[in-house]
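# Descriptive analysis of the structure
One letter stands for each residue in the lines below.
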Amino acid sequence: MAGRKRRGVRALAWGAAGLLIVISVIGFAPTVLAPLVSARLSSQSGLAVRVGWISWNPLVASVALRDVTIAPDASEPPIVTIGAIRVNVALRRWVGGERLFDSVVVERPWVALQRTASGDFNLAALFRAHAEPATSAEPPPADDRSLRVATFRIVGGSVRFRDETTTPVLETSLYLDDVEAHDVALSGGGAAEIRLRAASRLDEAPMTLDLTYRASADHSDLAAHFAVTGASLSRTLLYVPLGWQKVAGTIDVELTYQRRIVGGALRAHSLGAQAHLRDVAIGEPWAVEPSLRAKRVRLGEIAVDLIRRRTDVGIVDVQDFSALIARTEDGLHLPLASSGGGGPDTQWRTTLRTVTLGSGEVLLRNVIPDADPEIRMPVERGTITFPHDHVAFAITGTLAGGKLDVKGRVAKSSRITFTPRDVALPEVVSLLRLPVAFSAGRVDGQLVAHVADGPVRYTGTLAIRGAKSVPDAARPEDVFAWDELTLTLAETTFVPLDLHVSRLALAWPYLMVHREATGVYPLTLSRPGTDAPAPSPDGEQPTAHARPWLRVDTGTIHGGRIELYDTTLSPAFGMDLADLAGSFDDLSAAPWSAARLQLAGAGDELSPFHLDGTARGHDAALGFTIERLRLPPLSRYLEPSLGYEIASGIARIESTVDVEHAALDARNELALSRLALRRSGSDVVGDAIGMPLPVALALMKDLRGNIHLTVPVHGNVASSEYRLGSLVGNAIREGLIGAVSTPLRLLGSIFRRDDTESYDLEPVPFPPGSAALGPDGDARVAQVARLLGRHTELRASLIPVPASADVVSFRDEAMITQLEHAERTLTGDALLAFLRARRAGASPAPLAPEVAAALRELEEATPVPLERIAALAAERTALVARALTKTHGIEIPRVREEQWEPTDALPDSTPGVDLQLRGG
């Protein structure tokens, strides 16, 4: 019995000792195992893994690894820290041979993600060991045993991101509120399969993450789908490297991530995304301000290759935006045209495919030299594309009340095409800061800017319609205008100004040439490109030598009008050069020169003239002829020299002018007729020849009563000094000799009666079927009144000229009335619509054959209303007469109304009142 007792005591002692050993193992083994586990994990992963301490509970089969840190190397700070990893083992199933964890919970993980100046992520160092192929020649032994995790969770984690490529450094956080995965499978030999779903926050923006991971012994696939709403754009792009540094706004994004290792080598590592951005601001790294702002941006496709270090962005749709196109010393910069990157050491490359622009605004800064530094253009639509070696863009917007298309190609040598459509000339001139302001005008055409080294060069064709300059407030009459100007530009620069026009066509121009004490307009306008000459050593004023700022290869002028106005006389003198038509070749200024110059017209619509010749600097050869020049308006120029006022007279002048090195020699052949003088002062010429000037001129008349004179003129163009040749001596001496040798000549000059002169002018136009003066008619009456005011010896005959258009108007009116009261038919309705459109001045649609036949029958049945046309003719004539006499103050006896004789054959011309000025 005592032996049994001793055996019991020993057994109890051994049991107590065993229990003590078990308790010791349970209590102290985790502390002992922590370094061993750390070393084992570090060896297998190739990283510096440290486990602070381990606790377990064998009763519930639970193990906890606490204070876990992961670093690329033992000498570097950890990138990943974990508060605890709790593992619950399914003990019974584990004993039965099934390797199963009921749950794995990761508590408070913290990832210190960082992007360095190279643009890479420090997290990549944790996977570098997996990216390298195995060095062993033999593969590791296969392990068919698998490990599964029923539930995997991450609780209370975060990813802290720091981007050192920005200035200042940018930091953001990704909060892992609740991450959970079920049925995770890990097999021997590195095989694994994980599916995970997370609901978290990016900063404070809600996000979701779906992750799938599959791995075998020598390869692995990691795929993830990420979605976030309302996140900060600048912080989000830190995880998706686009290459731009300066961004702002919010983003909704869906992102897919893929990482694939095959044969131990990293074969794929990429991101793909679609995103919607709001209140966006984007700027290139070197920019001091955003180059693009937008309320809404949609990125249709983003592909990021983390191996090749590049980002490809597909179609970008931008709405409600403001874009900056700027020209600097480095060239032309467009929004999003940069390849991105954080600095000179960054090798990351970002490329875009297409940017589509909705409504917005483009700001052109310093694109057009010497223009407004900033030109704002509202945009309706546009696209920007990014081929391999350049950037192309096309934008349609509004500018100065019209449309403007801007297309371009930006590269080392850039090209921008501006296509204005019905753009307001005054606003364009203001933007370009040209020296002359305009009050009216519209611009169409195409202007191409070539931007490379040196000045910007322009080519293209521009059509400017309805232009009118803004006069000085003190001189409202000093204007120039035109109906249409077409310019075809060869290579042209504006800084310095070198305007080269290959072809110029000018239709219906108007120019006021105003002589006053301070100079002659338009020569008083600024002349760009003129270099002021330095005075010569002897003190004489040198001739100005200026580089040509204007070159025109060939040009034409049609329907022009120049008004000459001299306010140095009292009262002022005026004369119009009308119906101008001409052409020229190789015109340049300044100095002015032309290889060929032709100009024809009529002075005051009464005196036809023609000019032709050539000019090269101070060398010129010109020929000039004018017929029927009325002399009384010129009397104020000649009276001080003659001592006589010219009461009447007509001249024909034929001149040849030669200028060589500023020396001028001209020969003027004058034929004077119907000349009558009134003494107004000292008879200077009479005193010189010994008889009164009227007597001498009477003796010089030929059998037709004309006086012929040859007047040479010599002078110097540079010094503006001129002298008449022997105007009196030779001419009058020849006249006296002729009078003595041919008595009949004298008798003919005494008894011959001059024929009455007449001048046919352009008519006063009227709308068809109307006796109301329109704007064109009012302007024409004012021109005729001005002519009659200058030529007080002439009277006007008003001749009514009804036209076929009047017949059509009256007949259409009668046919419309007839159809409106007739029975309704399809043919009648179509015919009525056609006639109403034609009478309203519209362009009606072509008629069907049966309707056209009905129209012909109706026209033949409707008589010509001759009585109405006669009444219309008389009413028009009376209206023009009243306008001349009552509105413009022409004496009633000088205006005569002619009668119109009815006729069935009316001219096919513009309806109106013909004008004929008559003398005598």
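Residues numbered from 1 in each chain as written. Predicted model: local features only at pLDDT ≥ 70, side-chain atom pairs only at ≥ 80, totals over all residues. Heavy atoms only, no water.

### Some thoughts on helix α13 (residues 826-839)
Its 14 residues give α13 an end-to-end C-alpha distance of 20 Å, which sits within 8% of 20 Å, the value for a rise of 1.5 Å per residue. Those residues of α13 lying buried are G828, L831, L832, F834 and L835. Summarising the axial view, the buried residues of α13 lie within an arc of 165°, below the 170-degree limit, and thus occupy one face. The N-capping residue of α13, defined by a side-chain oxygen 2.9 Å from the backbone nitrogen of G828, is T825. (Helix = DSSP H or I, 4+ residues; strand = E, 2+ residues; numbered from the N terminus. Expected span 1.5 Å × (residues − 1). Buried < 20%, exposed > 50% of the residue type's maximum accessible area, 1.4 Å probe, protein only. Arc of directions from axis to C-beta. Polar contact = N/O pair within 3.5 Å; in protein donor to acceptor, adjacent residues only side chain to side chain.)

### Some words on the pairing of strand β36 (residues 707-716)
Burial of the side chains of β36 is restricted to one face: I707, L709, V711, V713 and G715 are buried, whereas none of H708, T710, P712, H714 and N716 on the reverse face is. By the bridge criterion, ten bridges tie strand β35 (residues 663-679) to β36 in an arrangement that is antiparallel. Bridge assignment links L670 to a residue of β36, and that residue is L709. (Pairing = 2+ DSSP bridges.)

### A short note on helix α11 (residues 775-790)
Taking 1.5 Å per residue, 16 residues should reach 22 Å; α11 reaches 23 Å between its end C-alpha atoms and fits that length. Residues of α11 that are buried: G777, R780, V781, V784, A785, L787, L788 and R790. Those residues of α11 that are buried lie in contact with β29 (550-566), β30 (573-589), β38 (758-765), β39 (795-801), α15 (866-887) and β41 (912-918). (Contact = heavy atoms within 4.5 Å.)

### Here's the deal with the packing of α11 against α15
Across the interface, α11 lies against α15 with an axial gap of 10 Å and an inter-helix angle of 50°. One way to sum up the angle between α11 and α15 is to call them oblique. Judged by the twist between their axes, the crossing of α11 over α15 is right-handed. Counted together, V781, V784 and A785 of α11 and V880, A883 and L884 of α15 form the full contact between these two elements. Tallied by class, residues from the contact of α11 with α15 come to six nonpolar, no polar and no charged. (Axes fitted to C-alpha atoms, helices over the stretch in contact; angles between N-to-C directions. Parallel < 35°, antiparallel > 145°, perpendicular 65-115°, else oblique. Left-handed = near helix turned anticlockwise from the far one by under 90°. Nonpolar A, V, L, I, M, F, W, Y, C, P; charged D, E, K, R; others polar.)

### Examining the nonpolar core
With 117 residues, the main nonpolar core has F152, V318, F321 and V362 as its most contacted residues. Every residue in contact with V318, bar those within four places of it in the chain, is listed here: L292, A294, R296, V297, V355, T356, L357 and G358. Membership of the second largest hydrophobic core comes to 29 residues, among which are L577, F609, L664 and I707. (Core = buried A, V, L, I, M, F, W, Y, C linked by side-chain atoms within 4.5 Å.)

### Re the side chain of T493
Tracing the backbone shows T493 in strand β25 (residues 480-494). With a relative accessible area of 13%, T493 lands in the buried category. For T493, the contacting residues outside a window of four places in its chain are P455, V456, R457, D498 and L499.

### Thoughts on the sheet that holds β39
Overall, mixed pairing links the four strands, which are arranged β38-β41-β39-β40 in an open sheet. Where the open sheet ends on each side, the last strands, each with one partner, are β38 and β40 (895-897). Averaged over all pairs of adjacent strands, the angle between their axes in this sheet comes to 25°, without regard to strand direction. Set on the sheet, α11 makes contact with β38, β39 and β41; between it and β38 the angle comes to about 155°.

### So, the confidence of the model for the protein chain
On average, the protein chain scores 77 in pLDDT, and the residues at 70 or more come to 77%. Taking the mean pLDDT of every element in the protein chain, the minimum, 43, falls on helix α10 (residues 743-751) and the maximum, 93, on β40. Long-range and interchain partners of residues 129-140, a stretch whose pLDDT sits below 50, account for ten contacts in this model, where long-range means more than four residues apart. Long-range and interchain partners of residues 739-755, a stretch whose pLDDT sits below 50, account for 16 contacts in this model, where long-range means more than four residues apart. (pLDDT = per-residue confidence, 0-100.)

### Points about the environment of G559
With respect to the helices, strands and loops of the structure, G559 is situated in strand β29. Accessibility expressed as a relative area gives 12% for G559, which makes it buried. Setting aside its immediate chain neighbours within four residues, G559 contacts W508, P509 and L580.

### Here we look at the packing of aromatic side chains
The relation between two aromatic rings is expressed through the spacing of the ring centres and the mutual angle of the planes. One pass over the full model with this rule turns up four aromatic pairs. Plain terms: the ring middles of F438 and F480 are 5.7 Å apart, the flat faces sit at 90° to each other, and that makes the pair edge-to-face. One end of the pair, F438, is in strand β23 (residues 438-451); the other, F480, is in strand β25, and 42 residues separate them in sequence. Taken as a pair, F438 and F480 share a single burial class, namely buried. Ring geometry for F438 versus W482: centroids 5.8 Å apart, planes at 70°, classification edge-to-face. (Phe/Tyr/Trp six-rings, centres within 6.5 Å; stacked < 30°, edge-to-face > 60°.)

### Thoughts on a nonpolar patch on the surface
On the surface, L33, L36 and W56 cluster together to form a nonpolar patch covering roughly 270 Å² of accessible area. Relative to the assigned elements, L33 resides in helix α1 (residues 2-45). Since its relative accessible area comes to 32%, L33 is described here as partly exposed. (Patch = residues over 30% accessible without salt bridge, like charges linked within 9 Å, V, L, I, M, F, W, Y side chains within 5 Å. Areas by Shrake-Rupley, 256 points an atom, 1.4 Å probe, with all protein chains shown as cover. Salt bridge = Lys/Arg side-chain N within 4 Å of Asp/Glu carboxyl O.)

### Focus on the environment of A805
If you trace the backbone, A805 turns up in helix α12 (residues 804-820). Linking A805 and L906, residues 101 residues apart in sequence, is a C-alpha distance of 8.9 Å. When sequence neighbours within four positions are dropped, the list of residues in contact with A805 reads P768 and P911.

### Some thoughts on the pairing of strand β34 (residues 644-660)
Bridge count for strand β33 (residues 619-630) against β34 is nine bridges, and the pairing is antiparallel. Along β34, the bridge assignment pairs A621 with D658. Across 15 bridges, β34 lies against β35 in antiparallel orientation. Within the sheet, the bridge partner assigned to T656 lies in β35 and is R667. In sequence, β34 turns back onto β35 through a hairpin of two residues, with H661 there showing a positive phi of about 50°.

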